[in-house]
Amino acid sequence: MITIYLTGVLLLVVGLYFLFCFFTNALAAFLHVNEPVHDADVLIVEGWLSQRFAESVKEEFQKGTYKYILISGFADEIYSRYDGKEITKSDTSPDAPLASIRLQMGIDSTKIKIVEISNSVKIHRTFAMARAAGKWLQNNDPSVRSVNICTSWNHGRKTWCAYRKILGDTFNVGILTFPKETIPVHKWWTTRGGFRWQVWALANYLYAVLWPISLIPD
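Residues numbered from 1 in each chain as written. Predicted model: local features only at pLDDT ≥ 70, side-chain atom pairs only at ≥ 80, totals over all residues. Heavy atoms only, no water.

Novice: A description of the overall build of the protein should follow, citing residues and the corresponding values.
Specialist: Secondary structure summary: the protein contains 6 helices and 7 strands in total. Taken from N to C terminus, the helices and strands of the protein fall in the order α-β-α-β-α-β-β-β-α-β-α-β-α. Here the protein holds 218 residues, and the buried ones make up 45% of them. Here the analysis covers contacts within the protein between residues at least 6 apart in sequence; of these, 80% occur between residues at least 24 apart. Element-wise, carbon and sulfur atoms account for 61% of the exposed surface of the protein, whose accessible area totals about 11900 Å². (Helix = DSSP H or I, 4+ residues; strand = E, 2+ residues; numbered from the N terminus. Buried < 20%, exposed > 50% of the residue type's maximum accessible area, 1.4 Å probe, protein only. Contact = heavy atoms within 4.5 Å. Areas by Shrake-Rupley, 256 points an atom, 1.4 Å probe, with all protein chains shown as cover.)

Below, the structure is given as structure tokens:
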């Protein structure tokens with residue numbers, strides 16, 4: 001009788017463990033979304049994206065039908081400081097912001113547009129980048145109606161939500177989250193950093209979904 005009881009408890013624990021693994025990995029895959037638009041007109045890159053993904057951006061741009069790359073970001077993230085280190089526009093270190101080395105990407109510089117946002121904006125920064133990109137397109141290329149957004153790691157779902165809310169139904173918005181390999185990030189919950197990383201990303205996504213656009217300053 002005890003053997004049957006212990007076996008049942010063991011099977012329950014194992015089953016709960018595998019169920020937990022399934023849901024946590026599903027959460028990681030959900031946040032790391034890749035749903036690009038076929039034949040999008042413009043490739044929009046978040047300004048904080050690092051140089052380690054430059055080749056991914058270049059590959060996507062060259063294989064697509066994009067007219068140009070539009071980098072939308074804050075001046076401090078694009079040019080001045082990153083991870084506490086001074087950088088310049090010619091910095092090619094792996095963690096340098098992508099826009100700071102844009103001339104080293106092997107792409108015609110006329111095909112790369114920069115939208116700088118004031119460093120005074122401290123909140124709703126993803127929404128601010130989306131709004132700045134939308135305004136730039138409205139003023140400079142109003143014929144554009146389909147875009148793909150480039151971001152990284154578990155920021156994909158929040159970025160996608162923010163851009164779709166800001167650009168509205170008149171735009172067909174796709175998302176590319178680098179690295180493009182499908183997560184799960186196995187056992188991310190076993191480290192403090194991994195747990196905090198995923199929970200924070202989920203909270204940010206929920207904020208992007210629930211926060212009213214009317215409360216986001218222009």
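There is more to say, and it comes next.
Novice: Would you mind going over the pattern of salt bridges in detail, with residue names and values included?
Specialist: Using the criterion set out here, one finds 2 salt bridges in the structure. A salt bridge links Lys 63 to Glu 60; the nearest nitrogen and oxygen atoms lie 3.5 Å apart. Note that Lys 63 and Glu 60 are positioned in helix α2 (residues 54-63) at a spacing of 3 residues, about one turn of the helix. Between Lys 67 and Asp 141 there is a salt bridge, with the nearest N and O atoms lying 2.6 Å from each other. Pair noted here: Lys 67 is in the loop between α2 and β2 (68-74) and Asp 141 is in the loop between α4 (125-140) and β6 (146-152), with a separation of 74 residues, a long-range link. (Salt bridge = Lys/Arg side-chain N within 4 Å of Asp/Glu carboxyl O.)

Novice: Let's hear about the pairing of strand β7 (residues 172-178): which residues, and what values?
Specialist: Of all 7 residues in β7, 6 are buried; the element is thus mostly enclosed. Inspection of the sheet shows β6 paired to β7 by 7 bridges, in the parallel sense. Among the inter-strand pairings, Asn 148 is bridged to a residue of β7, identified as Gly 174. In this region the chain leaves β6, passes through helix α5 (residues 156-167) and returns to the parallel neighbour β7; the handedness of that crossover is right-handed. (Pairing = 2+ DSSP bridges. Right-handed = clockwise from strand over helix to strand, strands pointing away.)

Novice: Before we move on, could you go through the sheet that holds strand β1 (residues 42-46) and cite the residues and values that matter?
Specialist: A sheet is described by the order of its strands in space; here 5 strands give the open sequence β5-β2-β1-β6-β7, paired in parallel fashion. The strands lining the two open edges of the sheet, one partner per strand, are β5 (112-117) and β7. Ignoring which end each strand starts from, the neighbouring axes of this sheet average 25° apart. Pairing analysis gives 4 bridges linking β1 to β6, with the strands arranged parallel. Bridge assignment links Val 45 to a residue of β6, and that residue is Cys 150. Along the sheet, α2 contacts β1, β2, β6 and β7; its crossing angle with β1, the most-contacted strand, is approximately 170°. (Axes fitted to C-alpha atoms, helices over the stretch in contact; angles between N-to-C directions.)

Don't take any of this as a statement about function, it's just geometry.
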